[in-house]
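What the coordinates show
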Amino acid sequence: MFDIIAISFDSSPNKYYFSPNNLKLKKNDRVIVEKENGIDIGTCKTNIIQEKKENLVLPLKYVKRKATKEDVLKDQKNKEESAKALLYAKKLAQQLHLKMNFITANYTLDRSQLYLSYLSEERIDFRELAKKLAQKYKTRIELRQVGVRDKAKIVGGIGPCGLFLCCNSFLTDFSSVSINMAKNQFLALNPNKINGVCGRLLCCLNYEDEVYKELKQNFPKVGSKVQTIKGEGKVISIDLFHQTYQVEIDKNTVIEETVKE
């Protein structure tokens with residue numbers, strides 16, 4: 001078993017696992033870590049927990065130390081500068097006639113890198129843009145193209161259920177969602193009902209899909225012919241949770257059958 005702690009960063013809503021490095025850390029502590037692209041400040045999202053080796057990608061990066069007041073002040077200044085850089089990038093993209101919708105900008109704590117995420121429906125040649133940004137900010141520039149689901153994850157919002165978006169609240173990655181999941185759950189295939197604020201299929205369609213698949217295994221298909229005590233009929237509807245289905249024998253006779261396990 002390994003001691004680990006989940007940490008998130010302002011540049012991404014995802015949580016990443018680090019070794020606490022024998023430090024006494026707890027949830028909501030601000031910490032300094034060394035990432036592949038430089039030193040950054042993050043927030044502990046859990047207390048120190050233990051996890052099996054097979055569930056981790058090793059070797060784990062480790063927490064360097066707890067953040068100081070100076071680190072927090074520096075991070076706040078970086079956020080202010082990042083907001084200005086975001087506005088400048090938008091203005092520069094317009095001047096260069098690039099169809100880029102910039103979403104976020106974030107400095108690493110040591111300002112060794114400036115990340116900018118953008119949304120675009122086409123592939124963009126942003127070499128001139130990156131060159132001008134590097135000349136102005138004197139640091140390494142990384143431009144990340146994200147999709148509409150990623151934008152929803154970053155920006156957040158309220159879903160049709162009235163709760164905060166799953167992707168922005170607790171989901172760490174996007175699982176594949178298909179229209180068949182909506183069909184399995186007998187949902188009306190109305191885009192306004194089964195699409196999220198990002199315009200893609202709701203992530204929550206995936207949550208109960210396995211349950212519906214399991215419940216449907218013993219059911220005849222709607223429209224199929226089945227034999228009953230009153231003769232042959234056509235299955236016109238099924239009730240998964242009551243484990244029953246309705247069979248139309250003729251225009252005036254509909255009977256209810258129970259699924260046989």
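See above for the structure.
Let us look at the structure shown here. Model, not experiment: these values are computed from the prediction.

Re the packing of helix 1 (residues 69-95) against helix 2 (residues 127-137)
For the pair helix 1 and helix 2, the least separation of the axes is 11 Å and the interaxial angle reads 140°. Relative to helix 2, the crossing made by helix 1 is right-handed. Residues Lys 84, Ala 85, Tyr 88, Ala 89, Leu 92 and Ala 93 of helix 1 pack against Leu 129, Lys 132, Leu 133, Lys 136 and Tyr 137 of helix 2. For the contact of helix 1 with helix 2, the class distribution of residues is eight nonpolar, no polar and three charged.

Looking at helix 2
Buried within helix 2 are the following residues: Leu 129, Ala 130, Leu 133 and Tyr 137. Looking straight down helix 2, one finds its buried side chains confined to an arc of 95°; they lie on one side. Buried residues along helix 2 sit in contact with helix 1, strand 7 (101-107), strand 8 (113-119) and strand 9 (140-146). At the C-terminal side of helix 2, Lys 138 shows a positive phi close to 55°.

Focus: the sheet that holds strand 10 (residues 225-228)
With respect to topology, four strands assemble into an open sheet ordered 10-11-12-13, the strand pairing being antiparallel. Looking along the sheet, the strands with just one partner apiece sit at the ends: strand 10 and strand 13 (253-258). Each strand axis lies, on average, 45° off the axis of its neighbour in the sheet, ignoring direction. Pairing of strand 10 with strand 11 (residues 231-239), which is carried by four bridges, proceeds in the antiparallel orientation. Paired with Thr 228 across the bridge in strand 11 is Gly 231.

Section: the environment of Pro 20
With respect to the helices, strands and loops of the structure, Pro 20 is situated in the loop between strand 2 (12-18) and strand 3 (30-35). Judged by its relative accessible area of 4%, Pro 20 falls in the buried class. Once the C-alpha coordinates of Pro 20 and Leu 56 are considered, the two residues, 36 residues apart in sequence, prove to be 14 Å apart. The residues contacting Pro 20, other than those within four sequence positions of it, are Asp 3, Ile 4, Ile 5, Leu 25, Ile 48 and Val 63.

Overview of the pairing of strand 7
For strand 7, the buried fraction is high: six of the seven residues fall into the buried class. Note: strand 7 against strand 8, six bridges, orientation antiparallel. Pairing of Ala 105 across the sheet is with Leu 116, part of strand 8. Counting the residues between successive antiparallel strands, the hairpin from strand 7 to strand 8 contains five residues, one of them, Arg 111, with a positive phi of roughly 60°.

A word on the sheet that holds strand 7
Pairing within the open sheet is mixed, and its three strands lie in the order 7-8-9. Strand pairing shows two members of the sheet lacking a second neighbour, strand 7 and strand 9, which therefore form its edges. Looking at each pair of strands side by side, their axes are set apart by 20° on average, direction ignored. With seven bridges connecting them, strand 8 and strand 9 associate as parallel partners. By the bridge assignment for strand 9, Leu 119 is matched with Val 146. Against the sheet, helix 1 engages strand 7 and strand 8, with an angle of about 150° to strand 7.

Examining the nonpolar core
The biggest cluster of nonpolar side chains holds 20 residues, and the ones touching the most others in it are Met 100, Phe 102, Leu 114, Leu 116, Leu 129, Leu 133 and Leu 143. At the level of secondary structure, the elements contributing two or more residues to this core comprise helix 1, strand 7, strand 8, helix 2 and strand 9. Counting residues per element, this core draws most heavily on helix 1, which supplies five residues. Among all residues touching Leu 114, those that are not within four sequence positions of it are Ala 85, Asn 106, Tyr 107, Tyr 137, Thr 139, Arg 140, Ile 141 and Glu 142. The next biggest cluster of nonpolar side chains, apart from the first, holds ten residues, and it includes Phe 219, Val 226, Ile 238 and Val 259.

What counts, and at which threshold
- Residues numbered from 1 in each chain as written.
- Predicted model: local features only at pLDDT ≥ 70, side-chain atom pairs only at ≥ 80, totals over all residues.
- Heavy atoms only, no water.
- Axes fitted to C-alpha atoms, helices over the stretch in contact; angles between N-to-C directions.
- Helix = DSSP H or I, 4+ residues; strand = E, 2+ residues; numbered from the N terminus.
- Left-handed = near helix turned anticlockwise from the far one by under 90°.
- Contact = heavy atoms within 4.5 Å.
- Nonpolar A, V, L, I, M, F, W, Y, C, P; charged D, E, K, R; others polar.
- Buried < 20%, exposed > 50% of the residue type's maximum accessible area, 1.4 Å probe, protein only.
- Arc of directions from axis to C-beta.
- Pairing = 2+ DSSP bridges.
- Core = buried A, V, L, I, M, F, W, Y, C linked by side-chain atoms within 4.5 Å.

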